[in-house]
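Here are the chains, one letter per residue:
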Amino acid sequence: MTDLFSPITLGNTELPNRIFMAPLTRCRADADHVPTDMMATYYAQRASAGLIIAEATMAMEGNSAFWREPGIYSEAQIAGWKKVTDAVHAKGGHIYLQIWHGGRACHPLLNDGKDPVAPSAIAITSDDVHTPEGKKDYTTPRALRDDEIPGIIEGFRKAAENAKRAGFDGVEVHGANGYLLDEFLRESANHREGPYGGPLENRARLLLEVIDAVSEVFGSERVGVRLSPLNSFNSMEDSDPVGLVTYLGEQFNARNLAFLHLMRSDFHGKQKADVVSAARAAYRGTLVVNMGYTGEEGNAVIADGKADAVAFGVPFLANPDLPARLKAGAPLNEPDTSTFYSQGAEGYVDYPALETADAES
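So, a few notes on the structure that sits alongside this text.

Thresholds applied
- Residues numbered from 1 in each chain as written.
- Predicted model: local features only at pLDDT ≥ 70, side-chain atom pairs only at ≥ 80, totals over all residues.
- Heavy atoms only, no water.
- Phe/Tyr/Trp six-rings, centres within 6.5 Å; stacked < 30°, edge-to-face > 60°.
- Helix = DSSP H or I, 4+ residues; strand = E, 2+ residues; numbered from the N terminus.
- Buried < 20%, exposed > 50% of the residue type's maximum accessible area, 1.4 Å probe, protein only.
- Lys NZ or Arg CZ within 6 Å of the ring centre and 35° of its normal.
- Salt bridge = Lys/Arg side-chain N within 4 Å of Asp/Glu carboxyl O.
- Arc of directions from axis to C-beta.
- Contact = heavy atoms within 4.5 Å.
- Polar contact = N/O pair within 3.5 Å; in protein donor to acceptor, adjacent residues only side chain to side chain.
- Axes fitted to C-alpha atoms, helices over the stretch in contact; angles between N-to-C directions.
- Parallel < 35°, antiparallel > 145°, perpendicular 65-115°, else oblique.
- Left-handed = near helix turned anticlockwise from the far one by under 90°.
- Nonpolar A, V, L, I, M, F, W, Y, C, P; charged D, E, K, R; others polar.

**Topic: the packing of aromatic side chains**
Move 1: The tally for this structure, following the rule as stated, stands at 13 aromatic pairs.
Move 2: Judged by centre distance (6.3 Å) and plane angle (50 degrees), the rings of Tyr-43 and Trp-81 are tilted. Taken together, the positions of Tyr-43 in helix H1 (residues 37-45) and Trp-81 in helix H2 (residues 75-90) put the pair 38 residues apart, joining distant regions of the chain.
Move 3: Residue classification places Tyr-43 among the buried positions, given a relative accessible area of 1%.
Move 4: Positioned over the ring face of Phe-218 is Lys-164, at 5.9 Å from the centre of the ring.
Move 5: One Lys or Arg, Arg-264, reaches over the ring of Tyr-293 and ends 3.7 Å from the middle of that ring.

**A few points about the pattern of salt bridges**
Move 1: Under the counting rule described, the total for this entry stands at 17 salt bridges.
Move 2: In this structure, the salt-bridge partner of Lys-83 is Asp-37, at a minimum N-O distance of 3.2 Å. With Lys-83 in helix H2 and Asp-37 in helix H1, this pair connects stretches of sequence that are 46 residues apart.
Move 3: Measuring nitrogen to oxygen at the nearest pair gives 2.9 Å for the salt bridge that ties Arg-280 to Asp-308. With a gap of 28 residues between them, Arg-280 in helix H8 (residues 275-282) and Asp-308 in the loop between helix H9 (295-303) and strand E14 (309-312) connect regions that are remote in the sequence.
Move 4: Judged by its relative accessible area of 25%, Arg-280 falls in the partly exposed class.
Move 5: When salt bridges that share partners are traced, they join Arg-142, Arg-145, Asp-147 and Glu-148 into one network.

**Observations regarding H8**
Move 1: Within the span of H8, buried status applies to Val-275, Val-276, Ala-278, Ala-279 and Ala-282. Projection of H8 onto a plane perpendicular to its axis shows the buried side chains occupying an angular sector of 160 degrees, all on one side.
Move 2: Buried residues in H8 make contact with helix H7 (241-253), strand E12 (259-263) and strand E13 (287-290).
Move 3: For H8, the side-chain oxygen to backbone nitrogen distance between the N-cap and Val-276 is 3.4 Å, and the N-cap itself is Asp-274.

**Digging into the packing of H1 against H2**
Relative placement of two packed helices is described by the angle separating their axes and the distance separating the axes.
Move 1: The geometry of H1 relative to H2 is characterised by a closest axis approach of 8 Å and an angle of 25 degrees between their N-to-C directions. By the angle between their directions, the pair H1 and H2 is classed as roughly parallel. Seen along the crossing, H1 lies across H2 with a hand that is right-handed. Two secondary-structure elements touch here, H1 through Asp-37, Met-39, Ala-40, Tyr-43 and Ala-44 and H2 through Trp-81, Lys-83, Val-84, Ala-87 and Val-88.
Move 2: Tallied by class, residues from the contact of H1 with H2 come to eight nonpolar, no polar and two charged.

In short, the description is geometric, and any link to function would need to be established separately.
Listed below in structure tokens is the structure:
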């Protein structure tokens, strides 16, 4: 029987299991968005994942949405990430980098006063942003002009080049959670006209053009994409999430991607639909599902052919040896939510592995 612990092949890479580590923003980069040695320790601790998808990483300078998130646009950042990939590979792991543009979720206080950009001049109103001056409301973004969009695509392509130099096995294009590419995709944030607005075919154009550009660097078989068609986080909504997933799944079929990473639900519980079944029906490639899965449920969806792998977020945050714990049916460490976005080692690299926890009990 195929389950979480069965090997899986992505492109020409065989992974030891189907337990993926979802991208988790942790704000442990330095003030210049350079990955730190502590980040190398953190990811190496979790190298038993079938695949690590590293946290949202700025493709282009000046688009910070989290204060201390990493980037991949400078030589120092490339060198910092090289320490991470070397540490993961030394433990036999595989790691992709999630490349990202924050869009209207960026804030002037995080970007030297620069206004954020988006498909349309519509602000986020459902959430707030952490800044050096405390929590702030989001500002109204500037709508990108059509002639600026090739620069966005080139920024993602260059980020993929830099990720390859840094030793990543591939990249995941971040098309989820109300950031720039998702803002173009979904109706609530995209009110523009022209080639990138209006019908779904136009709203999906930027995401597909970014995927094509990035695929020129890594080869499409080492490029994944993350979608969140139901997630209302960052004031997002769409009238037809099933139609969106179906259309994109069909478009991805022609591109031979590494995987489609699908978030199945809504952080805020507002929007509901069975997008997983829609994706499975439309998309013929590797389907990775995410959001709230237990080991038992993960085994069931894989055994039933409803998905090919499961990405775990918070459980991996608190359990560096999550695959071993799931296989043993062992209890999981409880996460310390107060340290999710702090900047120290506590709640980051100090969660005990199973052997250590057993020795201390």
